[in-house]
Amino acid sequence: MRQWALEQLNCDEPARELVIDLEGLEHLDASALQVLLALRAEQVRRGGVLRFEHASPGLRPWFVWAGAAECAGFAEPGKQAAAEKGEDA
């Protein structure tokens, strides 16, 4: 995953929207979460969006702990849309 993230960050024309499918993933360690969140931050900095889909309920505590619950679909839809735009709901 780290190699893929580096390739995405280093390409000249990054995708405007990236979606990472977390289906089947039941656990993230801190370093994996750090890579995902760094990639998301860079996407936002470049004017893009990164979403995580199909996150299992077991991942919720990790995303909540990191303050990123909304990007994995663990927030109310209105709050999630506002968060993706960088606004307060």
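About the criteria used
Residues numbered from 1 in each chain as written. Predicted model: local features only at pLDDT ≥ 70, side-chain atom pairs only at ≥ 80, totals over all residues. Heavy atoms only, no water. Helix = DSSP H or I, 4+ residues; strand = E, 2+ residues; numbered from the N terminus. Buried < 20%, exposed > 50% of the residue type's maximum accessible area, 1.4 Å probe, protein only. Polar contact = N/O pair within 3.5 Å; in protein donor to acceptor, adjacent residues only side chain to side chain. Expected span 1.5 Å × (residues − 1). Core = buried A, V, L, I, M, F, W, Y, C linked by side-chain atoms within 4.5 Å. Contact = heavy atoms within 4.5 Å. Pairing = 2+ DSSP bridges. Right-handed = clockwise from strand over helix to strand, strands pointing away.

S.K.: For this particular structure, what's the right way to read the side chain of Glu-70?
M.R.: Here Glu-70 is to be found in the loop between α3 (60–65) and α4 (77–85). On the accessibility criterion, Glu-70 (16% relative accessible area) is buried. Among the polar contacts made by the side chain of Glu-70, one reaches the side chain of Arg-40 at a distance of 3.4 Å.

S.K.: Could you clarify how one ought to interpret helix α2 (residues 30–45) in this entry?
M.R.: Because each turn of an α-helix spans 3.6 residues, side chains separated by three or four positions in sequence point in the same direction. Its 16 residues give α2 an end-to-end C-alpha distance of 22 Å, which sits within 8% of 22 Å, the value for a rise of 1.5 Å per residue. Those residues of α2 that fall on the buried side of the exposure criterion are Ala-32, Leu-33, Val-35, Leu-36, Leu-39, Arg-40, Glu-42 and Gln-43.

S.K.: In this structure, what is going on with the nonpolar core? I would like to understand it.
M.R.: Ranked by size, the top nonpolar core spans 18 residues in total, and within it Ile-20, Leu-22, Leu-28, Phe-52 and Phe-63 carry the most contacts. Of all elements in the fold, only β1 (17–21), α2 and β2 (49–53) reach the threshold of two or more residues within this core. When residues of this core are assigned to their parent elements, the largest contribution, 4 residues, is made by α2. Not counting residues up to four positions away in its chain, the partners in contact with Leu-22 are Phe-52, Glu-53, His-54, Ala-55, Leu-59 and Phe-63.

S.K.: Mind showing me how you'd approach the pairing of β1 here?
M.R.: Residues in a regular strand point their side chains to alternate faces of the sheet. The side-chain alternation of β1 yields one buried face, formed by Leu-18 and Ile-20, and one unburied face, formed by Glu-17, Val-19 and Asp-21. Two strands pair when backbone bridges link them, and β1 and β2 are joined in this way by 5 bridges, in the parallel orientation. What sits directly across from Val-19, in β2, is Arg-51. The β-α-β motif built from β1, the intervening α2 and the parallel element β2 has right-handed crossover chirality.

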